[in-house]
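Structure assessment
The lines below spell out each chain.
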Amino acid sequence: MKQETKCIQAGYTPANGESRMIPIVQSTTFKYDTSEEMGKLFDLEKEGYFYTRLQNPTNDYVAKKIAALEGGTAAMLTASGQAASFYSVFNLAGCGDHVVASAAIYGGTYNLFNVTMRRMGIEFTFVDPDCSDEELEAAFKENTKCVFGETIANPALTVFDIERFAHAAHSHGVPLIVDNTFATPINCRPFEWGADIVTHSTTKYMDGHDMTVGGVIVDSGNFDWMAHKDKFPGLTEPDESYHGVTYAERFGQGGAYITKATSQLMRDLGSIQAPMNAYLLNAGLESLAVRMERHCANAQKVAEYLEAHEKVAWVNYPGLPSNKYYERAKKYMPNGTCGVISFGVKGGRPAAETFMSRLKVAMIATHVADAHTCVLHPASSTHRQMSDEELIAAGVGPDLVRLSVGIEHVDDILADLEQALAAI
Ligand SMILES: *Cc1c(COP(=O)(O)O)cnc(C)c1O
């Protein structure tokens, strides 16, 4: 099936007389006739449901759809994108381990890694995603367990060289994890370029309507854990907390990573997505392909308009031929990148604030990547915990305005920008 068809049909096929939409299984528990039957589920000997903190049918339909869209073997929904980022790394790295991460990642992910996960004893080395081969090579250590990057960084809009980082990760015997939130599997499928695990904040384009916070982790099934047995004992040696199961043996290359994340991390940390939210996410996913097309078409026109405007100092959009990442974006995302643009208004911070306060169609919101056009000044909001040096290293200057172009008629968006720029 093509991506457009998978958006509608993957993950759930109703049998004769069953509901056409996925059922919302709003139940914490599941009933069994005998204790023995339930015991088999606890031993992971049989597939099934017993408690929604571990698995729920509604969530699984949606996880399957996203796995199909990304071309992966298994997926797990999480309560938020943050939970997905955390689980994706913590499933591989623990106290005393090390991770290589691109410096151009979402501010929340940066804090998670650099502050909270450091406190858990995991060491991170952040590299400029455009660093030299020598610098990238030097970032790896004996105890490195994975590499993490973001397809299109929020909000720096740096395009990540997935193939290059996948190659570097594999040459050190570790997998590459890619946060594919902004590109979505409609515009980029990181597995086709060598990534091993993909994460999303489904809060953004996948939901697409400002309704639910959520996340997902997808496994490609391509990483051979057993070939790097010593590096990943959590997958290749018996889990004493789970009746001595060895995930990579019992569930194979395509199932080990997600089964461990579900039966161990989700069991213990409990960041499950509510079935009702999964249902809403599924409704959003049905129109993902058409929405992405419109987001990209609108954003392209808006970026071109801003670039030609005398009151605009600079525009950052990977779809502009003047952009540093234009060629790389063409390679990884030939049909378009995303609806998010960043730019600077001449006159710096005060001019940007005047401009923002005059907007009517574009709303000020701590959100991006949904149907509504919205606008944000990261240095005074989402990224305020970061120092100026850290901001610049992450590609987010103090004057940057982030504009998330929605799917309204582009003429209304352009007219709104025109009157707000005129007020400066
Ligand atoms: C928003 C976002 C996150 C965090 O997701 P939440 O759903 O807000 O927890 C992670 N990565 C990227 C790229 C994001 O845009």
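Considerations on the site of the ligand
- In the vicinity of the ligand, 14 residues are found, and the nearest of them are Asn154, Asp179, Ser201, Thr203 and Lys204.
- Ser201 is positioned such that a nitrogen or oxygen atom in its side chain is 2.8 Å from an oxygen atom of the ligand.
- In isolation the ligand has 380 Å² of accessible area, and contact with the protein removes 92% of it.

Some thoughts on the packing of aromatic side chains
- Considering all chains together, one arrives at 17 aromatic pairs under this definition.
- Look at Phe124 and Phe126: their rings are 6.1 Å apart centre to centre, the planes differ by 15°, and that puts the pair in the stacked class.
- An angle of 35° between the planes, with centres 4.5 Å apart, marks the rings of Phe160 and Phe165 as tilted. Each of the two residues, Phe160 as well as Phe165, counts as buried.
- Each residue in the set Tyr110, Phe113, Phe124, Phe126 and Phe148 is aromatic and connected to the rest through ring pairs, giving one cluster.
- Positioned above the aromatic ring of Tyr106 is the side chain of Lys204, whose terminal nitrogen or guanidinium carbon lies 5.1 Å from the ring centre.

Digging into the pattern of salt bridges
- Tallied over the full model, the rule gives ten salt bridges.
- The closest approach of N and O atoms between Lys31 and Asp33, which form a salt bridge, is 2.6 Å.
- Among the residues examined, Lys31 registers a relative accessible area of 66% and is labelled exposed.
- Residue classification places Asp33 among the exposed residues on the basis of a relative accessible area of 63%.
- One salt bridge in this structure joins Asp97 and Lys145, with 3.2 Å as the shortest N-O distance. In this pair, Asp97 sits in the loop between helix H4 (81-90) and strand E2 (98-102) while Lys145 sits in strand E4 (residues 144-150), placing the two residues 48 residues apart along the sequence. Each member of the pair, Asp97 as well as Lys145, carries the same accessibility label: buried.
- Ionic contacts of the salt-bridge type, sharing partners, join the residues Asp130, Lys324 and Arg328 into one network.

Details of helix H3 (residues 57-70)
- In this model H3 runs 20 Å from its N-terminal to its C-terminal C-alpha over 14 residues, within 8% of the 20 Å that 1.5 Å per residue would give.
- When H3 is considered as a whole, its buried residues turn out to be Pro57, Thr58, Asn59, Asp60, Val62, Ala63, Lys65, Ile66, Ala67, Leu69 and Glu70.
- On its buried side, H3 packs onto helix H1 (3-9), strand E1 (74-78), helix H8 (184-187), strand E6 (197-201), strand E7 (215-219) and helix H11 (275-286).

Here's the deal with the nonpolar core
- Counting residues in each nonpolar core, the largest one holds 95 residues, and the members touching the most others are Ile66, Val89, Leu92, Phe113, Leu176 and Trp225.
- Residue-level mapping places this core at the junction of two domains, with at least three residues from each of domain 1 (3-283) and domain 2 (289-422).
- Contact partners of Ile66, with chain neighbours within four places excluded, come to Leu77, Thr202, Met206, Val216, Val218, Leu281 and Leu285.
- Within the second largest apolar cluster, 27 residues are counted, among which are Phe343, Val405, Val410 and Ile413.

Brief notes about the sheet that holds strand E10 (residues 363-364)
- The strand order E8-E9-E12-E11-E10 describes an open sheet built from five strands, whose pairing is mixed. The open sheet terminates on both sides in strands that have one partner only, identified here as strand E8 (312-316) and E10.
- For strand E9 (residues 340-345) and strand E12 (residues 401-404), the ladder comprises four bridges, and the chain directions are antiparallel. Opposite Ser342, over in E12, you have Arg402 as the bridge partner.

Considering the domain arrangement of the chain
- Under the domain assignment used here, the chain contains domain 1 (3-283) and domain 2 (289-422).
- The interface of domain 1 with domain 2 comprises 37 residues on the first partner and 38 residues on the second.
- Roughly 3200 Å² is buried in total at the junction of domain 1 and domain 2, and carbon and sulfur atoms are behind 60% of that figure.
- Our enumeration of links across domain 1 and domain 2 arrives at three salt bridges.
- With its nearest N and O atoms 3.3 Å apart, the salt bridge here joins Asp130 to Lys324.
- Inspection of the region where domain 1 meets domain 2 yields 20 residue pairs in polar contact (both at pLDDT 80 or more).
- For the side of domain 1 that touches domain 2, the elements supplying multiple residues, two or more each, are H1, helix H5 (107-119), helix H7 (162-171) and H8.
- Taken together, the residues of the side of domain 1 that touches domain 2 sort by class into 18 nonpolar, eleven polar and eight charged.

Scoring rules and cut-offs
Residues numbered from 1 in each chain as written. Predicted model: local features only at pLDDT ≥ 70, side-chain atom pairs only at ≥ 80, totals over all residues. Heavy atoms only, no water. Near = heavy atom within 4 Å. Polar contact = N/O pair within 3.5 Å; in protein donor to acceptor, adjacent residues only side chain to side chain. Areas by Shrake-Rupley, 256 points an atom, 1.4 Å probe, with all protein chains shown as cover. Phe/Tyr/Trp six-rings, centres within 6.5 Å; stacked < 30°, edge-to-face > 60°. Buried < 20%, exposed > 50% of the residue type's maximum accessible area, 1.4 Å probe, protein only. Lys NZ or Arg CZ within 6 Å of the ring centre and 35° of its normal. Salt bridge = Lys/Arg side-chain N within 4 Å of Asp/Glu carboxyl O. Helix = DSSP H or I, 4+ residues; strand = E, 2+ residues; numbered from the N terminus. Expected span 1.5 Å × (residues − 1). Contact = heavy atoms within 4.5 Å. Core = buried A, V, L, I, M, F, W, Y, C linked by side-chain atoms within 4.5 Å. Domains from an automatic or database assignment. Pairing = 2+ DSSP bridges. Buried area = accessible area lost by both parts, 1.4 Å probe. Nonpolar A, V, L, I, M, F, W, Y, C, P; charged D, E, K, R; others polar.

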